[in-house]
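What follows is the residue order along each chain.
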Amino acid sequence: MDLAELNKVAVAMTAPGKGILAADESSGTIKKRFDAIGVESTEETRRDYREFLFRTVKAMHDRISGVILYDETIRQKAADGTPLVKLIEEAGSIPGIKVDAGAKPLAFAPGETVTEGLDGLRDRLIEYRGLGAKFCKWRAVIHIGAGIPSYDCVNSNAHALARYAALCQEQDLVPIVEPEVLMNGDHTIERCEAVTEWVLKTVFQELYYARVKLEGMVLKPNMIVPGMDCATQASDDEIAEKTIRILKECVPSAVPGIAFLSGGQSDVEATARLDAMHRIGGFPWNLTFSYGRALQHAPQVAWSGKAENVPAAQAAFAHRAEMNGLATLGKWTPEVEKQAA
Ligand code: 13P
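Residues numbered from 1 in each chain as written. Predicted model: local features only at pLDDT ≥ 70, side-chain atom pairs only at ≥ 80, totals over all residues. Heavy atoms only, no water.

Participant: Break down the overall build of the chain for me, with residues and values.
Facilitator: Summing up its helical and strand segments, the chain has 14 helices and 10 strands in all. Relative to its length of 341 residues, the chain is compact, with a C-alpha radius of gyration of 19 Å against a globular reference of 20 Å. Residues classed as buried in the chain amount to 57% of the 341 residues present. A separation threshold of at least 6 residues defines the contact pool for the chain, and within that pool the share at least 24 residues apart is 78%. Of the side-chain charges in the chain, 38 are positive and 46 negative, and the distance between the mean point of each set is 3 Å. (Helix = DSSP H or I, 4+ residues; strand = E, 2+ residues; numbered from the N terminus. Rg over C-alpha atoms; globule rule 2.2 N^0.38 Å. Buried < 20%, exposed > 50% of the residue type's maximum accessible area, 1.4 Å probe, protein only. Contact = heavy atoms within 4.5 Å. Lys, Arg positive; Asp, Glu negative; His and termini not counted. Charge placed at Lys NZ, Arg CZ, Asp CG, Glu CD.)

In structure tokens form, the structure reads like this:
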């Protein structure tokens, strides 16, 4: 393991002013997104869509530090035969790959899942490195509900994350460690806070047991938010304050960077809350975004599968990338959001 190199990549992935584009939707998830805009999901439409994102050169260069790809995408070529990985590298961004096999029902734990994909992972990592990946992602999913999460769910997911992270570092790939506490449900922000604290403490304990080097990883957590159906919603400032407090409580300063998932927040909420955290400041890690929906919803709607809409869709993607880039510097404002739109 070359820890200096891992650290260099982890720092670059979370560099101020930039963040990560999560474009690693599985075939099932991208079909859902395409259904919503009336586009048939085929290998070609998926390629065309991702190709125009990666060809949004200025935004990619200025604001996107890395791109998380899906197995199909890391092997795909642009219409002119250029590998998509090469487009990303040429834009000065770092290619990465989602390596988990998805969240599957956890035995004897109704309503809970454990993320699978450890079997054969070492060999897959070696192949992905050969295909150009410099980092990986594994997402654990924690549901909040009556009596859940259970101890078994939190521990099983944290243990799997740690085994995955160790295998990545062994192969000189930076692990993005993603324990997502979902915002589905009517729970309060305090419940999200308590569960996220429990999950993060457990994850870092398991990372320690698995001898994962914190200097060579990136954490991808949820923000501390109320459930979407909770009667009492929270201000951006309260979310920012609670999120920073829990992260400071749980994430050692040796971790170079933290990159949030958007997880069902609106585009502008995800931006405003990241910005609010930077206005508070005073934390030891780089703090940025690793958004899927919050970066891609606007370009998907603008595109709607029509070639003539590609320039407008690229502009919509560039706009969200720019707004989130400003948020990592505490320089986003609602006025900037409107002016640039
Ligand atoms: P969202 O930002 O859409 O939550 O996706 C990020 C991600 O990579 C989830 O694993």
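Participant: Before we move on, could you go through the state of the cysteines and cite the residues and values that matter?
Facilitator: Counted according to the given criterion, the structure contains 0 disulfides. Counting only cysteine sulfurs, Cys192 is the nearest neighbor of Cys153, a cysteine outside any disulfide, at a range of 14 Å. You can see Cys168 has no disulfide; the closest cysteine sulfur is in Cys136, sitting 3.9 Å from it. A relative accessible area of 0% places Cys168 in the buried class. (Disulfide = S-S within 2.5 Å.)

Participant: Go over the site of the ligand, please, and point to the residues and values.
Facilitator: Near the ligand you find 13 residues, and of these Lys137, Lys220, Ser262, Gly263 and Arg293 are the closest. At a separation of 2.5 Å, an oxygen atom of the ligand approaches a polar side-chain atom of Lys137. Contacts to the ligand include Arg293, whose side-chain N or O atom sits 2.7 Å from an oxygen atom. Protein coverage of the free-state accessible area of the ligand, which is 300 Å², stands at 91%. Of all the secondary structure elements, the ones that give two or more residues to the shell around the ligand are strand 6 (135-142) and strand 10 (286-291). Partitioning the shell around the ligand into residue classes produces 3 nonpolar, 4 polar and 6 charged. (Near = heavy atom within 4 Å. Polar contact = N/O pair within 3.5 Å; in protein donor to acceptor, adjacent residues only side chain to side chain. Areas by Shrake-Rupley, 256 points an atom, 1.4 Å probe, with all protein chains shown as cover. Nonpolar A, V, L, I, M, F, W, Y, C, P; charged D, E, K, R; others polar.)

Participant: Can you break down the pairing of strand 3 (residues 94-98) residue by residue, with the values?
Facilitator: Taken across its 5 residues, strand 3 has 5 buried, putting it largely inside the fold. Of the two faces of strand 3, the one carrying Ile94, Gly96 and Lys98 and the one carrying Pro95 and Ile97 are both buried. In terms of strand pairing, strand 3 meets strand 6 through 3 bridges, oriented parallel. Note that in strand 6 the partner of Ile97 across the bridge is Cys136. (Pairing = 2+ DSSP bridges.)

Participant: Could you give an account of unusual backbone geometry, naming the residues involved and the relevant values?
Facilitator: In this model, Ile148 is joined to Pro149 through a cis peptide bond whose omega is 15°. Topologically, Pro149 is positioned in the loop between strand 6 and helix 8 (151-170). Phi at Phe108 is positive, roughly 60°, even though this residue is not glycine. With respect to the secondary-structure elements, Phe108 resides in the loop between strand 4 (103-105) and strand 5 (113-115). A relative accessible area of 89% means that Phe108 is categorised as exposed. The phi angle at Ser304 is positive, at roughly 50°, despite the residue not being glycine.

Participant: Mind laying out the environment of Glu170, listing which residues take part and the relevant values?
Facilitator: Counting through the fold element by element, Glu170 comes out in helix 8. On the basis of relative accessibility, which here comes to 38%, the residue Glu170 falls in the partly exposed class. Residues Glu170 and Val212 lie 42 residues apart in sequence; the distance between their C-alpha atoms is 9.3 Å.

Participant: Can you explain the pairing of strand 9 (residues 257-260)? Please cite residues and give values.
Facilitator: A two-sided burial pattern is seen for strand 9, the buried positions comprising Gly257 and Ala259 on one face and Ile258 and Phe260 on the other. In the classification by handedness, the crossover that spans strand 8 (residues 218-219), the intervening helix 10 (residues 236-250) and the parallel strand 9 is right-handed. Pairing analysis gives 4 bridges linking strand 9 to strand 10, with the strands arranged parallel. Bridged to Ile258 within strand 10 is Leu287. (Right-handed = clockwise from strand over helix to strand, strands pointing away.)

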